[in-house]
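The residues making up each chain are set out below.
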Amino acid sequence: MLRGTQEGWSSLKSAVPNRGWMPPLDGLRGVAILMVMLFHYGLPLKESSLPQHIVKVASEFGWTGVDLFFVLSGFLITGILLDAQGADNYWSSFYSRRALRIFPIYYVSLFVLFFVLRPLMPGLGATLPPGHEMPWYFAYVPNWIDGRGRLLTAHYWSLGVEEQFYLVWPFIVCRRTTRQIFRIAVAGCVASLALRFALMGLHVIPDFILRNTFARMDALMIGAACTCLLRNPVWAARLGRYANWTWLAPPFTLALLYVCARPFSNHAPGVQGFGFTAIALSYALLLIGAVLTIGRPTPLQHFLCSGVMRTFGKYSYGAYIWHVLVQSLLVKAERLILHVSVPTLIQIPLAIAATLAFSMGSYAAIERPFLALKDRFKPRVSQQAAEQVGLAAVAGATEV
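Residues numbered from 1 in each chain as written. Predicted model: local features only at pLDDT ≥ 70, side-chain atom pairs only at ≥ 80, totals over all residues. Heavy atoms only, no water.

J.: How would you sum up the overall build of the chain? Please name residues and give values.
T.: Summing up its helical and strand segments, the chain has 19 helices and zero strands in all. Radius of gyration (C-alpha) of the chain: 22 Å, near the 21 Å computed for a compact globule of 400 residues. Taking all 400 residues of the chain together, the buried fraction comes to 52%. Nonlocal contacts in the chain, meaning residues at least 24 apart in sequence, comprise 78% of its contacts between residues at least 6 apart. (Helix = DSSP H or I, 4+ residues; strand = E, 2+ residues; numbered from the N terminus. Rg over C-alpha atoms; globule rule 2.2 N^0.38 Å. Buried < 20%, exposed > 50% of the residue type's maximum accessible area, 1.4 Å probe, protein only. Contact = heavy atoms within 4.5 Å.)

J.: Any details on the packing of aromatic side chains? Residues and values, ideally.
T.: Following the criterion strictly, the structure yields 29 aromatic pairs and no others. Where tyrosine 90 meets tryptophan 91, the ring centres are 4.8 Å apart and the plane angle is 90 degrees; that geometry is what we call edge-to-face. On the basis of relative accessibility, which here comes to 34%, the residue tryptophan 91 falls in the partly exposed class. Each member of the aromatic cluster is reached from another via a ring pair, and the members are Phe103, Tyr106, Tyr107, Phe111, Phe114, Phe115, Tyr137, Phe138, Tyr140 and Tyr156. Taking the ring centre of tyrosine 166 as reference, the NZ or CZ of arginine 98 above it sits at 5.2 Å. Between the NZ or CZ atom of arginine 238 and the centre of the ring of tryptophan 235, over which it lies, the distance is 4.9 Å. (Phe/Tyr/Trp six-rings, centres within 6.5 Å; stacked < 30°, edge-to-face > 60°. Lys NZ or Arg CZ within 6 Å of the ring centre and 35° of its normal.)

J.: So what's going on with the pattern of salt bridges? Residues and values would help.
T.: In this structure the tally under the stated criterion is eight salt bridges. Ionic pairing is found between aspartate 67 and arginine 216, a salt bridge with its closest N-O pair at 2.6 Å. Linking aspartate 67 in helix 4 (residues 65-84) with arginine 216 in helix 11 (residues 213-230), this pair joins segments that are 149 residues apart in sequence. Pair check on accessibility: aspartate 67 and arginine 216 agree, each one buried. For arginine 380, the salt bridge is made with aspartate 88, and the minimal N-O distance between the two is 3.3 Å. (Salt bridge = Lys/Arg side-chain N within 4 Å of Asp/Glu carboxyl O.)

J.: Describe the layout of surface pockets, with residues and values.
T.: The space that makes up the largest pocket amounts to roughly 1500 Å³. The wall of the largest pocket is formed by 47 residues, among which Arg29, Leu76, Ile80, Arg98 and Arg101 lie closest to the centre. Elements with a contribution of two residues or more to the lining of the largest pocket: helix 2 (23-41), helix 4, helix 5 (90-120), helix 8 (157-173), helix 11, helix 16 (307-314), helix 17 (316-337) and helix 18 (344-371). Per element, the largest residue contribution to the lining of the largest pocket is 13 residues, and it comes from helix 4. Grouping the amino acids of the lining of the largest pocket by side-chain chemistry returns 26 nonpolar, eight polar and 13 charged. Size it by volume and the second largest pocket reaches roughly 760 Å³. Looking at the second largest pocket, it is lined by 36 residues, and the ones nearest its centre are Phe39, His40, Leu43, Leu151 and Val324. (1 Å grid on protein atoms, 1.4 Å probe; cavity = no way out; pocket = protein on both sides within 12 Å on 5 of 7 lines; lining within 4 Å. Points joined across faces, edges and corners; volume = space filled by probe spheres on them. Nonpolar A, V, L, I, M, F, W, Y, C, P; charged D, E, K, R; others polar.)

J.: Lay out helix 13 (residues 249-260) in plain terms, naming residues and giving numbers.
T.: Side chains of residues three or four places apart in an α-helix project in the same direction, reflecting 3.6 residues per turn. Helix length check: helix 13 (twelve residues) gives 16 Å between terminal C-alpha atoms against 16 Å at 1.5 Å per residue, within 8%. Of all the positions in helix 13, only Ala249, Pro250, Thr253, Leu254, Leu257 and Tyr258 are classed as buried. When helix 13 is viewed along its axis, its buried side chains cluster within an angular range of 155 degrees and face the same direction. Facing away from the buried side of helix 13, by more than 90 degrees, are the exposed residues Phe252, Val259 and Cys260. In the core, the buried residues of helix 13 are packed alongside helix 3 (50-60) and helix 14 (269-292). (Expected span 1.5 Å × (residues − 1). Arc of directions from axis to C-beta.)

J.: I'd love a proper account of the packing of helix 4 against helix 14, names of residues and values included.
T.: Put simply, helix 4 and helix 14 touch, their axes get as near as 9 Å, and they point 55 degrees apart. In terms of their interaxial angle, helix 4 and helix 14 are classed as oblique. Helix-helix and strand crossings are classified by hand; for helix 4 and helix 14 the assignment is right-handed. Between helix 4 and helix 14, the contacting residues are Asp67, Leu68, Val71, Leu72 and Phe75 on the first element and Phe276, Ile279, Ala280, Tyr283, Ala284, Leu287 and Val291 on the second. Taken together, the residues of the contact of helix 4 with helix 14 break down into eleven nonpolar, no polar and one charged. (Axes fitted to C-alpha atoms, helices over the stretch in contact; angles between N-to-C directions. Parallel < 35°, antiparallel > 145°, perpendicular 65-115°, else oblique. Left-handed = near helix turned anticlockwise from the far one by under 90°.)

J.: Account for the side chain of arginine 98, with residues named and values stated.
T.: With respect to the helices and strands, arginine 98 occurs in helix 5. No salt bridge forms around the buried arginine 98; measuring N to O, its nearest opposite-charge neighbour glutamate 162 is 6.3 Å away. In contact with arginine 98, other than residues within four places in its own chain, are Ile77, Phe103, Tyr166 and Lys374. (Lys, Arg positive; Asp, Glu negative; His and termini not counted.)

J.: Tell me what's going on with helix 4, and back it up with residues and numbers.
T.: In this model helix 4 runs 29 Å from its N-terminal to its C-terminal C-alpha over 20 residues, within 8% of the 28 Å that 1.5 Å per residue would give. For helix 4, the tally of buried residues reaches 17 of 20 residues, placing the bulk of the element in the interior. Positioned one or two residues after helix 4, glycine 86 has a phi angle of 90 degrees, which is positive.

J.: Describe the nonpolar core, listing the residues and the values that go with them.
T.: Formed by 108 residues in total, the largest nonpolar core has its most connected members in Tyr106, Trp169 and Leu287. In terms of residue count, helix 14 provides more of this core than any other element does, twelve residues in total. Other than its neighbours up to four places away in sequence, leucine 287 contacts Leu25, Leu28, Val71, Leu72, Phe75 and Cys226. (Core = buried A, V, L, I, M, F, W, Y, C linked by side-chain atoms within 4.5 Å.)

J.: Quick rundown of the environment of leucine 345? Include the residues and the values.
T.: Tracing the sequence through the fold places leucine 345 in helix 18. Accessibility expressed as a relative area gives 34% for leucine 345, which makes it partly exposed. On a C-alpha basis, the gap between leucine 345 and lysine 56 in space is 9.7 Å, while along the polypeptide they are 289 residues apart. Excluding anything up to four places from it in sequence, leucine 345 contacts Leu45, Pro51, Gln52 and Val55.

What follows is the structure, given as structure tokens:
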């Protein structure tokens, strides 16, 4: 009996190829950050010409890159926590490694924005939050205040949502099986959807719904559910039959919402209802296809594993933090030096290139030294604990 269960655990571990680093997920991060940048950089576009119209329509989908980031976070963080179950440093390992990954560049950016940019460049500083809101940003809860009109920090709300997820989710995963986690994730997704409808029924402003952690946790929960499914060999095999085609889910879903939910924006009632969940589900299918086709010569793998996409994925966190500031500084420099406003269709690739270059420098100077310390906080799982967790995982996963 024990031998059969151990063999089941071995098959479970091999159900998802390369359970460690998965190159196509870097490419998915690259897709997400390019979408976000295109959305923000394409805002000044007018539909006065066909090229501008095409880019303008494409940029309107860019805000959903945040939802792709949420799905990826739910997937990866749940996997990390499941692998660390039974570790005697489960808590310190996870929180230390997360802090090393996200805190340094985040707090450096706040220092630059509030204490360097504001006094040196009052014009840009006027688009920052007022001084009394600074504690909300330093406490990593900027999503709970009104961020409208805060140009340079308007995108920080999603960082707050993810950080609050990191804070709570380890307590839920700690001693539960994949079956239990899957059920909790599904329940959390349904609760998030119900909360959005309740808030809409109460006529709460759309921006609060957009930024509310509980109203937006369905994407994170869907990502977590994907982890549980893909660690089940039966479900991995079932989903693998369609893995070559799941990439079609996002374009189909986004096109449908674009037609049915007008205007197509993250503040539109048609999107804030079922839309957010449908978008997250479509990106989950894209994620599943990316994972289950690892090692296959598919167009999706060639695209996601290309050097360009993986480069953008590697520097995506820094690019997300800095991209609005870089664009603002670039526009200001162009006006001071060239005394002209560069056309938006030229400005967009320039801003993307400048953001990537700035993020690479930021990574080398700020992120990499702290990331090098993460190995000191690896989970320490004893053989006995690993076996106990493995047996429990098999029992739970086979019943998802």
